Amino acid sequence: DFLESANLDLNGTYNLTDGYHPSFKELEQLICRQLGKRKPYIIPLELARLIGKIGDIFHFFPVKSKTIDKMIKELTFDDTKARKEINWKAQSVLENFKLRN
């Protein structure tokens, strides 16, 4: 267990990873492979932004501008604090990620 009794009174926010930070595209490929689906079509960024704006207006629409922004921004993770302070060790996300059937 990565939480030893000496670490139970530590506080803080930890952005936990497995030490490897997959891209949105890598995660997309993994999910498509597990579902047996083709990769989604790639649409131009301006069209995606327009779709997001439509979702901002019509709340029943599943895609919002915030969703598009999250998909195009580069994410930065750093689990150094958790590795050092609570001895965080994780399995590879890309090797161990499984969708429930």
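Structure first, text after, so check above.
As the structure is a computational prediction, the values presented were derived from the model and not from experiment.

1. Thoughts on the overall build of the protein
Phase 1 of the analysis: Assigned secondary structure in the protein consists of 5 helices and 0 strands.
Phase 2 of the analysis: Listing the helices and strands of the protein from first to last along the sequence gives α-α-α-α-α.
Phase 3 of the analysis: Split into buried and exposed, the 101 residues of the protein put 14% on the buried side.
Phase 4 of the analysis: Relative to all contacts within the protein whose residues are 6 or more apart in sequence, the contacts with residues 24 or more apart total 64%.
Phase 5 of the analysis: A total of about 8,700 Å² of accessible surface is found on the protein, and carbon and sulfur atoms cover 58% of it.

2. Some words on the packing of helix α2 (residues 45-57) against helix α3 (residues 65-72)
Phase 1 of the analysis: Look at α2 against α3: their axes get within 7 Å of each other, and the N-to-C directions meet at 145°. For the pair α2 and α3, the contacting residues are Leu45, Ala48, Arg49, Gly52, Lys53 and Asp56 in the first and Ser65, Ile68, Asp69 and Ile72 in the second.
Phase 2 of the analysis: Considered class by class, the residues forming the contact of α2 with α3 number 4 nonpolar, 2 polar and 4 charged.

3. So, α2
Phase 1 of the analysis: Taking 1.5 Å per residue as the helical rise, α2 with its 13 residues ought to reach 18 Å, and the 19 Å between its terminal C-alpha atoms agrees with that figure.
Phase 2 of the analysis: Restricting attention to buried positions, one finds in α2 the residues Ala48, Gly52 and Gly55. Buried positions in α2, seen along its axis, are confined to an arc of 55° and lie on one side of it. In this structure, α2 carries Glu46, Lys53 and Ile57 as exposed residues pointing more than 90 degrees from its buried face.
Phase 3 of the analysis: As for α2, its buried residues are in contact with α3.

How each quantity is defined
- Residues numbered from 1 in each chain as written.
- Predicted model: local features only at pLDDT ≥ 70, side-chain atom pairs only at ≥ 80, totals over all residues.
- Heavy atoms only, no water.
- Helix = DSSP H or I, 4+ residues; strand = E, 2+ residues; numbered from the N terminus.
- Buried < 20%, exposed > 50% of the residue type's maximum accessible area, 1.4 Å probe, protein only.
- Contact = heavy atoms within 4.5 Å.
- Areas by Shrake-Rupley, 256 points an atom, 1.4 Å probe, with all protein chains shown as cover.
- Axes fitted to C-alpha atoms, helices over the stretch in contact; angles between N-to-C directions.
- Nonpolar A, V, L, I, M, F, W, Y, C, P; charged D, E, K, R; others polar.
- Expected span 1.5 Å × (residues − 1).
- Arc of directions from axis to C-beta.

In short, the description is geometric, and any link to function would need to be established separately.
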